[in-house]
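Architecture and fold: a report
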Amino acid sequence: MINISNLSLRFGKRILFEDVNLKFTPGNCYGIIGANGAGKSTFLKIISGEVDPSTGSVAFTPGERMSVLSQDHYAFDEFSVLETVMMGNQDLYKIMKEKDAIYMKEDFSDADGERAGELESLFAEMDGWNAESNAATLLSNLGIREEQHTKLVQELDGNEKVRVLLAQALFGKPDILILDEPTNDLDIKTIAWLEDFLASYEAIVLVVSHDRHFLDAVCTHIVDIDFSKMTIYTGNYTFWYESSQLALKQRSDQNKKMEDKVKELQEFIRRFSANASKSKQATSRKKALDKINIDEIKPSNRKYPAIMFNQMDREPGDQILQVEGLSKTVDGQVFFKDISFMVNKGDKIAILAENNLVTSAFYDILSGRDQDYKGEFKWGVTITPADMPIDNADSSKAARKIW
Ligand SMILES: Nc1ncnc2c1ncn2[C@@H]1O[C@H](COP(=O)(O)OP(=O)(O)OP(=O)(O)O)[C@@H](O)[C@H]1O
Ligand SMILES: [Mg+2]
């Protein structure tokens, strides 16, 4: 269990959060949500001990092991993949290292022998003999092939590295698992695997994510950081969203009713306070008016992003795009071959590939950036296409028009 009491954090004059009192219990997955800069990552760092709070404390049940998904993609470059994963269980890893160092010694003393004996029994207690095969299974489940397990981490590509770091965090079944935006840079297959893994994982999981679908799949609770407070809700993200919208609506409906009442009373007072026969009623209404308290609805610092599409110049016809036998090969590697399909008005299509380069190559052709392909495609005569490239640094605010 994690018990947080009277926690607050401020950077200079700025209060990130205060009066935080929360309990996290095993078997639950807590999704931490809030606007950019609300303090989600900082909150996780307080729990993992990387940042000290301004006030308050975080207490753990003794003996519980915590594991944190590493944010540093280069920290393990010099280590083998398998060793990196096993480092996830630091206590076990230290025992393995000390044991190995003793056995490497040429002048092996009696004291060394005794220490080695102690370490061996600790190692066995911690299921050390299965550590390597457990790490290998985890890696294989995450799609890291066996021949890569002995490679150095620096030899892997970015997508493989994040999966190794994830395996490291999950290795050895930690009691507390801390994941800050774990789905960033993960392919959808791995995200689906992680969702299943977490949904049946009996530990305390704290996760920050901007991925609503992921939060819905894994969370039993939502911790919302807003107005410098943290509020915990039982249920997943959709449940939190719907209930918080409902609560907001109820408060503003209530306010609206109160405002109407205030107007009505003010009107009465204005009309009759000079009228001797009604002045008594006017005075009592003045008192009633003083008692009305309109809830101040503070603005949230949360912003919901939106994609705005400019008004189209003309209504498009039914035929949007026709692709015929499209093929692309890069350095002898076939990215795709003979793709043919039609896009009709109203279609919404997701293009998926295991390799991101393939989807990018496909878009590059359709947007006219890449002329080196086989086959053909034709945009409908009535349409105005626009695209948003992955690297959109120079596309300014608006999606770039293709022509
Ligand atoms: N050491 C520090 N000193 C001063 N300010 C800091 C420090 N660390 C973080 N901050 C500020 O605290 C705020 C919260 O940062 P944090 O990274 O926790 O936000 P977040 O909720 O994780 O945001 P995001 O969704 O963008 O990841 C930010 O405004 C950040 O600039
Ligand atoms: Mg963050």
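All of the points below concern the structure found in this document. These numbers were taken from a predicted model, which means no experiment stands behind them.

With that settled, the discussion passes to the nonpolar core. Ranked by size, the top nonpolar core spans 38 residues in total, and within it Tyr 30, Ile 32, Ile 178, Val 205, Leu 206 and Val 207 carry the most contacts. Take this core: its biggest share by element is five residues, from strand β7 (residues 204-208). Other than its neighbours up to four places away in sequence, Ile 178 contacts Leu 44, Ile 47, Ser 48, Met 66, Val 68, Leu 69 and Leu 206. If you look at the next biggest cluster of nonpolar residues, it comprises 23 residues, including Val 81, Leu 139, Val 153 and Val 162.

Moving on, we get to the sheet that holds strand β3 (residues 29-34). In spatial order, the strands read β5-β6-β7-β3-β8-β9; together these six strands make up an open sheet with mixed pairing. Unpaired on one side and paired on the other, β5 (66-68) and β9 (229-234) mark the two borders of the sheet. The average angle at which neighbouring strand axes cross in this sheet is 20°, direction not considered. Each of β3, β8 (221-226) and β9 touches helix α9 (residues 237-272); the most contacted strand, β8, lies at about 50° to it.

The immediate surroundings of ligand 1 are formed by Phe 11, Leu 16, Gly 34, Asn 36, Gly 37, Ala 38, Gly 39, Lys 40, Ser 41 and Thr 42. Take the shell around ligand 1: its biggest share by element is three residues, from helix α1 (residues 40-48).

With that out of the way, let us pick up the sheet that holds strand β4 (residues 55-60). In space, the three strands of this open sheet follow the order β2-β1-β4, with antiparallel pairing throughout. Each of the sheet's edge strands pairs with one partner strand only, and the pair in question is β2 (14-24) and β4. Strand after strand, the sheet turns through a mean of 20° between neighbouring axes, direction not considered. Inspection of the sheet shows strand β1 (residues 2-11) paired to β2 by seven bridges, in the antiparallel sense. Among the inter-strand pairings, Ile 4 is bridged to a residue of β2, identified as Leu 22. Each of β1, β2 and β4 touches α1; the most contacted strand, β1, lies at about 125° to it.

Here is what the cut-offs are and how they apply
- Residues numbered from 1 in each chain as written.
- Chains lettered and ligands numbered in written order.
- Predicted model: local features only at pLDDT ≥ 70, side-chain atom pairs only at ≥ 80, totals over all residues.
- Core = buried A, V, L, I, M, F, W, Y, C linked by C-beta atoms within 7 Å.
- Buried ≥ 20, exposed ≤ 12 C-beta atoms within 10 Å, placed from the backbone.
- Helix = DSSP H or I, 4+ residues; strand = E, 2+ residues; numbered from the N terminus.
- Contact = placed C-beta atoms within 7 Å.
- Pairing = 2+ DSSP bridges.
- Axes fitted to C-alpha atoms, helices over the stretch in contact; angles between N-to-C directions.
- Near = placed C-beta within 6 Å.

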